[in-house]
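Overview (structure and organization)
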Amino acid sequence: MTVLKTENLSIQFGGLMAVANLNLEIKKGELVGLIGPNGAGKTTVFNMLTGVYKPSEGRILVQDRNEQNQDIGQLHPYQITALGMARTFQNIRLFKNLTVLDNVRIGNHLNVKYKSVEGIFRLPGYYREEKRIEEECRELLKIFDIEHKGDELAKNLPYGEQRKLEIVRALATKPHILLLDEPAAGMNPQETLELMDLIKYIRERFALTIILIEHDMKLVMGICQRIVVLDYGRMIACGTPAEIAHNPLVVKAYLGKELENDA
Amino acid sequence: MSKKMNTVVSVLIVASILIILNVLVMLRVIDEYASQVLTIAGINVIIALGLNLISGFTGQLALGHAGFMAVGAYTTAALMMKLHLPTLVAVFGGALMSAFFGFLIGLPTLRLRGDYLAIVTLGFGEIIRVLMINLPELTGGPAGLKGIPTFTTNFFWRPVLSFALVYLTMTLVVVLLNNLLNSSHGAAIISIREDEIAANAMGINVFYYKIFAFTLSAFIGGLGGALYAPFFGYLSPNMFNFQKSVEFLIIVVLGGMGNLTGTVVAGIGLTYLQEILRFLKDYRLVIYPIILIIVMIFQPSGIMGLFGNKEFSLTRFVGKLAGKQLSGEQSSDKAGEVQ
């Protein structure tokens, strides 16, 4: 079953074709890696998928929570999140001056079932819901082993934990598709290994479809079932990690032109 | 002592402080002059709280709260003088009218990211003032509007009633704003200040919450103005000039953007300071900017930044006195409320 599909997805910034005619099809439960050299358009693809940029051409179809396909071309980012597709950011965008718990609580926003008036006057619905929300958020933090830091300010977390918190916050929106933009950036090898296990674990536990952008090839080759390679905004390869590793076009994109007839 | 007990005790403390202050005003221990200054301070605090909601908590700079104050004040005056509505109904009407204006301004401007709101509210404040000058049949024109019915005509009760109403309203505004900001909806509002793009990606309808916060902010600003009309009994367009808007902004900045306690403390402190400095005549207007410059250099997060930008929580304070630590308990009351 396809949960995410792009048809001829393109975006132009002035004269620059940042992404051209991208056709992606992601199946339910897949873990897909999106790789490519710097400036290949990976994050731009994410920004289009989540409504930050409007594509110049093409369509994006996303399966919503009721398994209906929706064209998300004209939707705002918050509406796309409501359909069940959440993301993290390459340059961490946490709510720095708020506590770790509040960050997750904000991610939980879509599941707040009381009205602001109930909050202002502290009616019974407020207490019931806030208690449930806090429990759910702490539960999520526990998975990533940062529950004990719930009351710290997000900006005071070490870098690796900030990345984790971004994932927790995205999970709090209860997505079925999760887009991770360089989740391992800035992590040491040990942390990266732990992160790989975590990604596998949350995929099983929350029945997620995951697309991730990553430069750490060990991570990408290690957990992705399928890899899509972008270069200059075009898809140059798509296949299993083994196929990609030996694809001449990919090698060329990363390492430059091969010396012909190595003398 | 349970959390509930703490809340009950806190409510009792706040109520008794309010009553004691009122009795002091009644017995003229706080003389008429001082109580009048305190009442004006209370009104300033209310409006600054409204401004803090949109500028401090939502992160959208607004420069026209004197305009909302004017809309609230003149509407209340009109409702009382032309339609002869009871005072409290008129006050509520004034605040509602101001909220309506806030909604209208917010609708086109809050869709945009950046400082557009500051520019538009700046214009709005001036437009309102000029309108008030040029609508003499409704506002008395540049000479001002005289003869607005006051809360009571009784010479003895007038300061007491003004004081009581203003401070009761202020307490309510503080408590209800604090409730809102501690709820998940409040967290959504604050997340817009922190990172609009991330807030959007978390499923928060940024535009909706901006409009919500701005309309509420205009409501509170109008409420302050609405109380001002029957308290003072006289309105003139020049009371609501740009300088007045800046005064509110200074209160918010000095107290700490995004801190309710700070606004209450700074609001009362600055209003009092202005009275103390009266002997300096026009030079006192120099003091304000100097204070602002000093704060910006040495304490950019405002006075509450000195205390880690935490809100003063009466319930937490009571809990500590009772010898029990309440971990992270957010309170429903602030003692800043009543100086």
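For the structure, see preceding data.
This text gives an overview of the structure that appears in the document. (Residues numbered from 1 in each chain as written. Chains lettered and ligands numbered in written order. Predicted model: local features only at pLDDT ≥ 70, side-chain atom pairs only at ≥ 80, totals over all residues. Heavy atoms only, no water.)

All names here are of chain A. In terms of residue burial, strand E8 (residues 209-213) counts as a mostly covered element, since five of its five residues are buried. Side chains of E8 alternate between two faces, with Thr209, Ile211 and Ile213 and Ile210 and Leu212 buried alike. When strand E3 (residues 31-35) meets E8, the two strands line up parallel, connected through four bridges. Paired with Leu34 across the bridge in E8 is Ile213. Two strands pair when backbone bridges link them, and strand E7 (residues 177-181) and E8 are joined in this way by five bridges, in the parallel orientation. Directly across from Asp181, in E8, lies its bridge partner Ile213. Between the parallel elements E7 and E8, the chain passes through helix H7 (residues 189-205) in a crossover that is right-handed. (Buried < 20%, exposed > 50% of the residue type's maximum accessible area, 1.4 Å probe, protein only. Helix = DSSP H or I, 4+ residues; strand = E, 2+ residues; numbered from the N terminus. Pairing = 2+ DSSP bridges. Right-handed = clockwise from strand over helix to strand, strands pointing away.)

Residue and element names in this part refer to chain B. In the contact formed by helix H8 (residues 184-194) and helix H10 (residues 206-232), the axes pass within 10 Å of each other and the chain directions differ by 100 degrees. By the angle between their axes, H8 is roughly perpendicular relative to H10. Contacts between H8 and H10 pair His185, Ala188, Ile189 and Ile192 from the former with Val206, Tyr209, Lys210, Phe212 and Ala213 from the latter. Residues that form the contact of H8 with H10 fall into these classes: seven nonpolar, one polar and one charged. (Axes fitted to C-alpha atoms, helices over the stretch in contact; angles between N-to-C directions. Parallel < 35°, antiparallel > 145°, perpendicular 65-115°, else oblique. Contact = heavy atoms within 4.5 Å. Nonpolar A, V, L, I, M, F, W, Y, C, P; charged D, E, K, R; others polar.)

Let us look at the sheet that holds strand E5 (residues 69-71) of chain A. Residues and elements named next belong to chain A. Strand order in this open sheet of four strands is E2-E1-E4-E5, and the pairing throughout is antiparallel. This sheet does not close on itself; its edge strands, each paired only once, are strand E2 (16-27) and E5. Neighbour-to-neighbour, the strand axes of this sheet turn through a mean angle of 20 degrees, independent of strand direction. Looking at chain direction, strand E4 (residues 57-63) and E5 are connected through three bridges and run antiparallel.

Further remarks concern a nonpolar patch on the surface. Judged by side-chain polarity, Tyr283, Val286, Ile290, Ile293, Ile294, Ile297 and Phe298 of chain B come together as a nonpolar surface patch covering roughly 760 Å² of accessible area. Here Ile290 of chain B shows up in helix H13 (residues 284-298). (Patch = residues over 30% accessible without salt bridge, like charges linked within 9 Å, V, L, I, M, F, W, Y side chains within 5 Å. Areas by Shrake-Rupley, 256 points an atom, 1.4 Å probe, with all protein chains shown as cover. Salt bridge = Lys/Arg side-chain N within 4 Å of Asp/Glu carboxyl O.)

Considering all chains together, one arrives at 20 salt bridges over all chains under this definition. With a shortest N-O distance of 3.2 Å, Glu134 of chain A and Arg138 of chain A are connected by a salt bridge. Here Glu134 of chain A pairs with Arg138 of chain A, and both are found in helix H5 (residues 124-143), just four residues apart, close to one helical turn. By relative accessible area, Arg138 of chain A is classed as partly exposed at 23%. In this structure, Arg28 of chain B engages Glu32 of chain B in a salt bridge whose closest nitrogen and oxygen atoms are separated by 3.5 Å. You can call Arg28 of chain B partly exposed: its relative accessible area is 25%. On the basis of relative accessibility, which here comes to 33%, the residue Glu32 of chain B falls in the partly exposed class. Residues joined by salt bridges that share partners form a network here, namely Glu129, Arg132, Glu136 and Lys174 of chain A.

Nonpolar side chains tend to gather and get buried jointly when the protein is soluble and globular. Among the nonpolar cores identified, the biggest contains 100 residues, and Leu49, Tyr167, Phe214, Leu235, Phe240 and Ile268 of chain B are the most heavily contacted of them. At 15 residues, the largest contribution of residues to this core is made by H10 of chain B. Leu101, Ala172, Leu195 and Ile244 of chain A belong to the second-largest nonpolar core, a separate cluster that totals 47 residues. (Core = buried A, V, L, I, M, F, W, Y, C linked by side-chain atoms within 4.5 Å.)

Each partner contributes residues to the interface: chain A has 28 residues there, and chain B has 27 residues. Summing both sides of the interface, chain A and chain B together bury roughly 2500 Å²; the carbon and sulfur share of this comes to 62%. The largest per-residue losses of area from chain A upon contact with chain B belong to Tyr78, His109 and Ile120 of chain A, which jointly make up 25% of the total buried on that side. Counting across the chain A and chain B interface gives one salt bridge. For Asp195 of chain B, the salt bridge identified is with Arg93 of chain A, shortest N-O distance 2.9 Å. At the junction of chain A and chain B, the tally comes to 13 residue pairs in polar contact (both at pLDDT 80 or more). (Buried area = accessible area lost by both parts, 1.4 Å probe. Polar contact = N/O pair within 3.5 Å; in protein donor to acceptor, adjacent residues only side chain to side chain.)

All names here are of chain B. By the burial criterion, the buried members of helix H14 (residues 314-321) are Leu314, Thr315, Val318 and Gly319. Taken around the axis of H14, the buried residues stretch over an arc of 140 degrees, which confines them to a single face. Check the buried side of H14 and you find it contacts helix H1 (3-26). (Arc of directions from axis to C-beta.)

By themselves, these figures tell us nothing about what the structure is for.
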